[in-house]
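Overview (structure and organization)
Here is what each chain is made of, one letter per residue.
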Amino acid sequence: MSEPKKIGFVFIPAFADWEFGMLSGPAADWFGQKTVALTPGGEPVTSIGGFRLSGARSLDPAENADLDAVAVIGSDTWPSADAPDISPLLHAVAQRGGLVGGICGGTLALARAGLFDGVEHTSNGRDWILKHLPDYAGRDRYRDVPHAVADGRIVSAPGSAPGTFALEFLAALLPGQQAQLAEMRALFGREYGQAS
């Protein structure tokens, strides 16, 4: 059995409660991977819903040299001038062949880092991302879809798609787990199939 992969989850103030659980829970419990919470300065941050999360590590690339992947969780702070620049961390992970993913406002961090250049990607709508970053590299490869998009080692999703974000992220990180991922997709799909 191969060594577990280590996934860093980036949380900043006002992070979105609903965007990470469908990835972090199955990654650790169903697939046996390791997860770690990264926050600015390793300090606690509070979610949109008012829950406080303690960071295990900072966003410093040197502190995270063992990460195989990083998932940037959305926050109301990403569009603002107060958003941290995590480009060095994202580039460090990408340059060693790691997986980089962003959901909702977290996609702005990937766009600012230039990681969408030449890569199919999505976000919270074409107008939304262009409103915040009108000249970002790769804007011609934007896909206006309601689900996650994976292109090589980059995964992106709108904030309304935590399920497909989790699935596409894990599929890119764990290519030998197609059968278990198909079960996960079917499990997620049952809720929506019967509710509509």
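Residues numbered from 1 in each chain as written. Predicted model: local features only at pLDDT ≥ 70, side-chain atom pairs only at ≥ 80, totals over all residues. Heavy atoms only, no water.

**Remarks on the overall build of the protein chain**
This is how the line gets drawn: Working definition: helices are DSSP H or I runs of at least four residues, strands are E runs of at least two. Numbering for both runs from the N terminus. Radius of gyration means the value over C-alpha atoms here, while the globule rule gives 2.2 Å times the residue count to the 0.38 power.
Secondary structure assignment for the protein chain yields six helices and eight strands. The order of helices and strands in the protein chain, counted from the N terminus, is β-α-β-β-β-β-α-β-α-α-β-β-α-α. In terms of C-alpha radius of gyration, the protein chain reaches 16 Å, essentially the compact-globule figure of 16 Å for 196 residues. The C-alpha extent of the protein chain, read off along each of the three principal axes, is 40 × 35 × 35 Å.

**Some thoughts on the pairing of strand β6 (residues 99-103)**
Within a regular strand, side chains alternate between the sheet's two faces. Applied cut-off: Three labels apply to residues, based on accessible area from a 1.4 Å probe with only protein chains included: buried if under 20% of the type maximum, exposed if over 50%, partly exposed otherwise in between. By this definition, two strands are paired if DSSP reports at least two bridges between them. For a crossover, the right-handed case is the one in which the path from the first strand over the helix to the second runs clockwise, viewed with the strands pointing away from the viewer.
A large share of β6 lies buried, amounting to five of its five residues. Every second residue of β6 is oriented toward a common face, with Leu99, Gly101 and Ile103 on one face and Val100 and Gly102 on the other, all of them buried. Bridge count for strand β5 (residues 69-72) against β6 is four bridges, and the pairing is parallel. Note on β6: the bridge partner recorded for Ala69 is Leu99. Regarding the hand of the β-α-β motif, the stretch spanning β5, helix α2 (residues 87-95) and β6 is right-handed.

**With respect to the pattern of salt bridges**
Definition in use: Salt-bridge detection follows one rule: a side-chain nitrogen of Lys or Arg within 4 Å of a carboxyl oxygen of Asp or Glu.
Counted by the stated rule, this structure contains five salt bridges. A salt bridge links Glu168 to Arg185; its shortest N-O distance comes to 3.9 Å. Residue Glu168 is found in helix α5 (residues 162-173), and its partner Arg185 is found in helix α6 (residues 178-195); the two are separated by 17 residues along the sequence. Owing to a relative accessible area of 25%, Glu168 belongs among the partly exposed residues under this scheme.

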